[in-house]
Amino acid sequence: MINKDSPIPIYYQLEEKIKGQIEQGELKTGDMLPSEREYADRFEISRMTVRQAISKLVNDGYVYRKKGTGTFVAEKKIEQPLQGLTSFTEDMKTRGMKPSNRLIHFRVVPATSYTASALNIDEGAPVYEIQRIRLADGVPMALETNYLSESLNPRLTEEVVQSSLYDFIENKLNKKIGEATQIIESSIVTEKEMELLEVKKGSPVLIIERKTYLDDGTPLEVVKSAYRADRYRFMINMKRN
Ligand code: GLP
């Protein structure tokens, strides 16, 4: 129920209530939410307050608006644990989803000062630049650009990167992937990302930069990815020392 005497803002109470209904499955993916008027009547609150609550839920990716129709419950976000060093292919398979890739380009370019220092190679040395859209069950999740040294990763081809890169590195090149560092920051889509990820202008994305090393410490890849923030969230377990 909504408690009007509570110091907790009314829009927030309503937002939490709807969120709870979604999380507990009372409202399921694709269900239409009651209209603003219905909520306003039911809880005797203003439509402005209802709109504020729904807008927050839209921004957080719980629901989406369809022009002229109503507001619907969105698909659950994919929750990605940050503990293990996994590949996109593995992540999707663990969830019972089908991974696929759409190759945007595969080319060899001279290392810039950024890629050269990340990969510990000379500036101008040849690096693979691989750009792929990563899809789960046919839905675009991320736009990803990998840079790898050409001389350290022979036999890398367009065909190979249509499936798992890590699988190729480990099982065909027989290298051992050791560890990675990852930085995550928020942003909004660029024009290009907007088209390729099939989202609206101004949609939020999580920009991830990963540097991966082989177990002997050799840099393997530096990767920039833009993950759809409406479909993804990251989870980490923390222990207090
Ligand atoms: C994730 C990481 C990338 C890594 C990729 C490998 O998406 N963000 O840094 O290159 O996994 O995935 P796969 O082996 O499926 O090509």
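The paragraphs below set out a description of the structure included in this document. Because the structure is predicted, anything quoted here is derived from the model rather than measured. (Residues numbered from 1 in each chain as written. Predicted model: local features only at pLDDT ≥ 70, side-chain atom pairs only at ≥ 80, totals over all residues. Heavy atoms only, no water.)

What follows concerns the site of the ligand. Thr89, Glu144, Ser164, Leu165 and Glu221 are the nearest of the 16 residues found near the ligand. Arginine 134 has a polar side-chain atom sitting 2.9 Å from an oxygen atom of the ligand. Between the ligand and the protein, one listed contact pairs an oxygen atom with a side-chain N or O atom of glutamate 144 at 2.8 Å. Considered on its own, the ligand offers 400 Å² of accessible surface; in the complex 99% of this is hidden by protein. Of all the elements in the fold, those that place two or more residues in the shell around the ligand are helix 4 (88-94), strand 5 (126-136), strand 6 (139-149), helix 6 (165-171) and strand 9 (219-228). Considering every element that reaches the shell around the ligand, the biggest residue donor is strand 9, with four residues. Here the shell around the ligand is composed, by residue class, of five nonpolar, six polar and five charged. (Near = heavy atom within 4 Å. Polar contact = N/O pair within 3.5 Å; in protein donor to acceptor, adjacent residues only side chain to side chain. Areas by Shrake-Rupley, 256 points an atom, 1.4 Å probe, with all protein chains shown as cover. Helix = DSSP H or I, 4+ residues; strand = E, 2+ residues; numbered from the N terminus. Nonpolar A, V, L, I, M, F, W, Y, C, P; charged D, E, K, R; others polar.)

Glancing now at helix 2 (residues 36-43). Listed in full, the buried residues belonging to helix 2 are Tyr39, Ala40 and Phe43. In an axial view of helix 2, the angular spread of the buried residues amounts to 100°, which keeps them on one side of the axis. Across helix 2 from its buried face, at more than 90 degrees, point the exposed residues Arg37 and Asp41. As for helix 2, its buried residues are in contact with helix 1 (10-23) and helix 3 (47-59). (Buried < 20%, exposed > 50% of the residue type's maximum accessible area, 1.4 Å probe, protein only. Arc of directions from axis to C-beta. Contact = heavy atoms within 4.5 Å.)

You can see lysine 19 is positioned in helix 1. The exposure class assigned to lysine 19 is buried, which follows from its relative accessible area of 14%. A distance of 3.3 Å separates polar atoms of two side chains, one belonging to lysine 19 and the other to glutamate 16. Sequence-distant contacts of lysine 19, that is, excluding residues within four places in its chain, are made with Leu57 and Tyr62.

Before going further, it helps to examine unusual backbone geometry. Trans peptide bonds make up most of the peptide bonds, and negative phi angles are found at most residues other than glycine. Its identity as a non-glycine residue notwithstanding, asparagine 120 has a phi of 60°, on the positive side. Structurally, asparagine 120 can be placed in the loop between helix 5 (113-119) and strand 5. Residue asparagine 120 is classed as exposed on the basis of its relative accessible area, which comes to 63%. Its identity as a non-glycine residue notwithstanding, glutamate 198 has a phi of 55°, on the positive side. The topology assignment puts glutamate 198 in the loop between helix 7 (191-197) and strand 8 (204-214).

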